[in-house]
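Overview (structure and organization)
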Amino acid sequence: MKDKIVVALGGNALGKSPLEQLELVKLTAKPIVDLIAEGHEVILAHGNGPQVGMINLAMSTSSNSDAGTPEMPFPECGAMSQGYIGYHLQNAIREELLDRDMHIPVATVITQVIVDKNDPAFQNPTKPIGAFYSKEESDELIRNKGFHMIEDSGRGYRRVVPSPIPMDVAEKETVMALIEKNHVVISVGGGGIPVIQEGNKLVGVPAVIDKDFASSKLAEIVDADYLIILTAVEQVAINFGKPNEKWLSELSIEDCHQYIGENHFAPGSMLPKVKAAMKFAQSKPGRRALITSLEKAADGIAGKTGTLIKM
Ligand code: ADP
Ligand code: MG
């Protein structure tokens, strides 16, 4: 059966530096093109944690130096990361397609994701970004720039930004028009550039939208059959990392609720994936989500591995 699939790529698909990423995306492209070769419609999303962190750090270091570049706001750093990650992905996927004699256009859509200005996350910033600072520097950033700063486990002070829930994708019509034309689209990179709506304006805000939640929202919007979250592990486990660890091939919504309640999934890594998968699987009958590794994507969709989340 041909499915419309939103594939969310994790950090392991992109690596830690631009040059490493340029090499890694060649490998990342293969399982993605395997899915396309099987006849599936594929829409790609990806994370940007290390990449936006690096851009933000470089920009703030440079703007604080004498030879400094201008200040680069955080939403702009996010847009930059979408741009260069999208460039690498579309470049590698295009080449992999052509090597298999498949003439399918690939493009990245710089994507704004609308968040609610009343989202409680704005009262409670939790996502650390950028450099570590001393207490004095931290106090100065609070005074001069209004940043929220936290002490990060004895390593120094760090800026934290909110992680609001994605409400809508501003460029959804464009993304859907490209899918209609059978183009491969890369969208909501890094969870999307967070924006709040003020009349006709979309105003970028310093925040980080979880890429797993943004991918789930995108999958709902484009009416996907499948959300596939590709990460570093082949399956979801309970008692993860413990002697009684158990890998799961299927999770019902009830199982998800129970295991979340029992704290089996680490916040910030597996928990958002399970929640994103649940949300998509519950959004309409027949929708399924799969969590598996990049390497096992094809086996996963063939039902041979991964963790399937369905109603
Ligand atoms: P990504 O970059 O793909 O979002 P993350 O590091 O955020 O990757 O999340 C995936 C990681 O979650 C896995 O590599 C694993 O170490 C960790 N993890 C935490 N809890 C679990 C669990 N219960 N089952 C499987 N993996 C888990
Ligand atoms: Mg993650």
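Our structure's up above, just so we're on the same page.
Residues numbered from 1 in each chain as written. Chains lettered and ligands numbered in written order. Predicted model: local features only at pLDDT ≥ 70, side-chain atom pairs only at ≥ 80, totals over all residues. Heavy atoms only, no water.

**Re the pairing of strand 11 (residues 201–204)**
Relative to strand 11, strand 10 (residues 193–198) is paired through 4 bridges, and the arrangement is antiparallel. Residue pairing for strand 11: Glu198 is matched across the bridge by Lys201. With antiparallel pairing between neighbouring strands as the criterion, strand 10 and strand 11 make up a hairpin whose turn holds 2 residues, including Gly199 at a positive phi of roughly 60°. (Pairing = 2+ DSSP bridges. Helix = DSSP H or I, 4+ residues; strand = E, 2+ residues; numbered from the N terminus.)

**Notes on the nonpolar core**
Side chains that are nonpolar tend, in soluble globular proteins, to be buried together. Judged by nonpolar contacts, the single largest core of 43 residues is most densely connected at Val6, Leu218, Val222, Val274, Ile291 and Ile309. The residues contacting Val222, other than those within four sequence positions of it, are Lys4, Val6, Ile43, Val175, Met176 and Ile179. Counting residues in hydrophobic clusters, the runner-up holds 38 residues, among them Val25, Ala29, Ile55 and Phe74. (Core = buried A, V, L, I, M, F, W, Y, C linked by side-chain atoms within 4.5 Å. Buried < 20%, exposed > 50% of the residue type's maximum accessible area, 1.4 Å probe, protein only. Contact = heavy atoms within 4.5 Å.)

**Looking at the site of ligand 1**
Around ligand 1 sit 17 residues in total, of which Gly11, Lys211, Thr231, Ala237 and Lys273 are the nearest. Between ligand 1 and the protein, one listed contact pairs an oxygen atom with a backbone N or O atom of Gly11 at 2.7 Å. The separation between a nitrogen atom of ligand 1 and a polar main-chain atom of Ala237 is 2.7 Å. Protein coverage of the free-state accessible area of ligand 1, which is 570 Å², stands at 78%. The set of elements that each furnish at least two residues to the shell around ligand 1 consists of strand 13 (236–238) and helix 8 (270–283). Partitioning the shell around ligand 1 into residue classes produces 8 nonpolar, 7 polar and 2 charged. (Near = heavy atom within 4 Å. Polar contact = N/O pair within 3.5 Å; in protein donor to acceptor, adjacent residues only side chain to side chain. Areas by Shrake-Rupley, 256 points an atom, 1.4 Å probe, with all protein chains shown as cover. Nonpolar A, V, L, I, M, F, W, Y, C, P; charged D, E, K, R; others polar.)

**Considerations on empty space enclosed by the protein**
Tallying each qualifying case throughout the model produces 1 cavity of 30 Å³ or more. Considered as a void within the structure, the largest cavity measures approximately 100 Å³ in volume. Forming the boundary of the largest cavity are 14 residues, of which Asn48, Gly78, Gly192, Pro194 and Ala207 lie nearest the centre. In terms of residue count, helix 3 (residues 74–99) provides more of the lining of the largest cavity than any other element does, 4 residues in total. (1 Å grid on protein atoms, 1.4 Å probe; cavity = no way out; pocket = protein on both sides within 12 Å on 5 of 7 lines; lining within 4 Å. Points joined across faces, edges and corners; volume = space filled by probe spheres on them.)

**Quick notes on the sheet that holds strand 2 (residues 41–46)**
Pairing is mixed in the open sheet, where 8 strands are placed in the order 3-9-2-1-12-16-17-15. What marks the edges here is a single partner per strand, and that holds for strand 3 (106–108) and strand 15 (250–252). In this sheet, adjacent strand axes meet at a mean angle of 20° when their direction is disregarded. Taken strand by strand, helix 5 (residues 172–180) contacts strand 1 (4–9), strand 2 and strand 9 (184–186), and its axis lies near 155° from that of strand 9. (Axes fitted to C-alpha atoms, helices over the stretch in contact; angles between N-to-C directions.)

**A look at the pattern of salt bridges**
Scanning the entire structure with this criterion turns up 16 salt bridges. Several salt bridges share partner residues, and in doing so they unite Lys30, Asp34, Glu96 and Arg100 into one network. (Salt bridge = Lys/Arg side-chain N within 4 Å of Asp/Glu carboxyl O.)

**Structural notes on helix 3**
Taking 1.5 Å per residue, 26 residues should reach 38 Å; helix 3 reaches 38 Å between its end C-alpha atoms and fits that length. Directly after helix 3, the chain includes Asp101, whose backbone phi takes a positive value near 65°. (Expected span 1.5 Å × (residues − 1).)

**Quick word on the sheet that holds strand 8 (residues 168–169)**
Taken in spatial order, the 4 strands of this open sheet run 8-4-10-11, and their pairing is mixed. Each edge of the sheet is formed by a strand with only one pairing partner; in this case those strands are strand 8 and strand 11.

**Looking at the environment of Ile229**
Tracing the chain through its elements places Ile229 in strand 12 (residues 226–231). Look at Ile229 and you get buried, because its relative accessible area is 0%. As for Ile229 and Lys211, which are separated by 18 residues in sequence, their C-alpha atoms are 9.9 Å apart. Excluding its chain neighbours within four sequence positions, the residues that come into contact with Ile229 are Ala8, Asp212, Lys273, Ala276, Leu290, Ile291 and Thr292.

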